[in-house]
Amino acid sequence: MATATSKQQGMSKLVVILLIAILVVLLAVGGAVAAYLTGMIGSAGNDEPQVEQALDEPIYIELDPALTVNFERDGRISYLQARVQLETRYASVEEAIDRHMPVIRNNLLDLFADQDYQEVNTRAGREALRQAALEEVNQVLAERGVEQRLEAVYFTRFVMQ
């Protein structure tokens, strides 16, 4: 009889250990599921950064006030005043432009002041300046870690005198 009782005690200890092991596994799985569902951990293979989707409609950002620069023309001082609008389809670019507006305005003023009056006074010259302005703003954004870019720069007013 002693052996039957010791066998029963051994079996009950084994059942208790087995139940504790099952409980620990269930708690671990439940905790992992809860962490996944609450976003504390990501799904496997989802380590890529989220890419911002382009908006359907463009966003236009006006540089206000207009950009005005002086430059020399045939030995006398002339000026150029341009009202500029920037186009993007990304809200993050709009936010970055607002945040870095002083640098953008400074660089565009430098770019405009370096222009030759005779060249900018033609349609092809204005188009080249518009493209150079686009590249300048996109360079400022890239230097500050903005992944998306401007799509276009537009002159909504362009006065030379």
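Before reading on, note that the structure itself is shown above.
One numbering rule holds for all chains: residues counted from 1, following each sequence as written. It should be noted that, the model being predicted, local features are given only for residues of pLDDT at least 70 and side-chain atom pairs only at 80 or more, the latter also being counted only at that level, while totals for whole chains, interfaces and linings use all residues. Each side-chain value is derived from all of the structure's non-hydrogen atoms; neither hydrogens nor water enter the calculation.

1. Observations concerning the overall build of the protein chain
Across its full length, the protein chain holds five helices and three strands. Going along the chain from the N terminus, every DSSP run of H or I of four or more residues is numbered as a helix, and every run of E of two or more is numbered as a strand. Reading the protein chain from its N terminus to its C terminus gives the helix and strand order α-β-β-α-α-α-α-β. The buried share of the protein chain, reckoned over its 161 residues, is 29%. Long-range pairs, those at least 24 residues apart, make up 68% of the contacts in the protein chain with a sequence separation of at least 6. Carbon and sulfur atoms make up 55% of the accessible area of the protein chain, which amounts to about 11000 Å² in all. Working definition: with a 1.4 Å probe on protein chains only, accessible area under 20% of the residue-type maximum means buried, over 50% means exposed, and in between means partly exposed. Throughout, a residue-residue contact means that at least one pair of heavy atoms, one from each residue, lies within 4.5 Å. Methods summary: accessible areas were calculated by the Shrake-Rupley approach with a probe of 1.4 Å, and residue burial reflects only the protein chains presented.

2. So, the sheet that holds strand 3 (residues 152-160)
Judged by pairing direction, the sheet is antiparallel, and its three strands sit side by side in the order 1-2-3 without closing on themselves. Here the strands that pair on one side only, and so sit at the sheet edges, are strand 1 (59-73) and strand 3. Each adjacent strand pair in this sheet contributes to an overall mean axis angle of 20 degrees, direction not counted. Strand pairing follows a simple DSSP-based rule, namely that at least 2 bridges must link the two strands. The pairing of strand 1 with strand 2 (residues 76-88) spans twelve bridges and is classified as antiparallel. Looking at strand 2, one finds that F71 is bridged to S78. Here an angle of 0 to 180 degrees is reported between the N-to-C directions of two axes, which are lines fitted to C-alpha atoms, with helices fitted over the stretch in contact. Contacts between helix 3 (residues 101-113) and the sheet are confined to strand 1, strand 2 and strand 3, with strand 1 contributing the most and set at about 35 degrees to the helix.

3. Focus: helix 2 (residues 91-99)
Among the residues of helix 2, those classed as buried are V93, A96 and I97. Along the long axis of helix 2, the arc covered by the buried residues comes to 100 degrees, so they all point the same way. In helix 2, the exposed positions that point more than 90 degrees away from the buried face belong to D98 and R99. Elements that come into contact with the buried residues of helix 2 comprise strand 1, strand 2, helix 3 and helix 5 (123-143). Arc, as used here, means the arc of the directions from the helix axis to the C-beta atoms.

4. Notes on the nonpolar core
Core analysis: the largest hydrophobic core is formed by 32 residues, its most contacted members being V84, L86, I97, L108, F112, L141 and L150. Elements represented by at least two residues in this core include exactly strand 1, strand 2, helix 2, helix 3, helix 4 (117-120), helix 5 and strand 3. Residue contacts for V84: discarding those within four places in its chain leaves I61, E62, L63, L67, F112, V153, Y154, F155 and T156. Joining through side-chain atoms within 4.5 Å is the link that ties buried Ala, Val, Leu, Ile, Met, Phe, Trp, Tyr and Cys residues into a set, and such a set is a nonpolar core.

5. Points about the packing of aromatic side chains
Note on ring pairs: Phe, Tyr and Trp rings are taken, using the six-membered ring of Trp, and paired if centres are within 6.5 Å. Classes follow the plane angle, with under 30 degrees stacked, over 60 edge-to-face and the rest tilted. For the structure shown, the criterion picks out four aromatic pairs. An angle of 55 degrees between the planes, with centres 6.4 Å apart, marks the rings of Y60 and Y154 as tilted. Placement of the pair is Y60 in strand 1 and Y154 in strand 3, with a sequence separation of 94 residues. When its relative accessible area of 46% is taken as the criterion, Y60 is described as partly exposed. When the ring of F112 is compared with that of F155, the centres are 5.9 Å apart and the planes differ by 75 degrees; the resulting orientation is edge-to-face. With a gap of 43 residues between them, F112 in helix 3 and F155 in strand 3 connect regions that are remote in the sequence. There is no split in this pair, since F112 and F155 are both buried.

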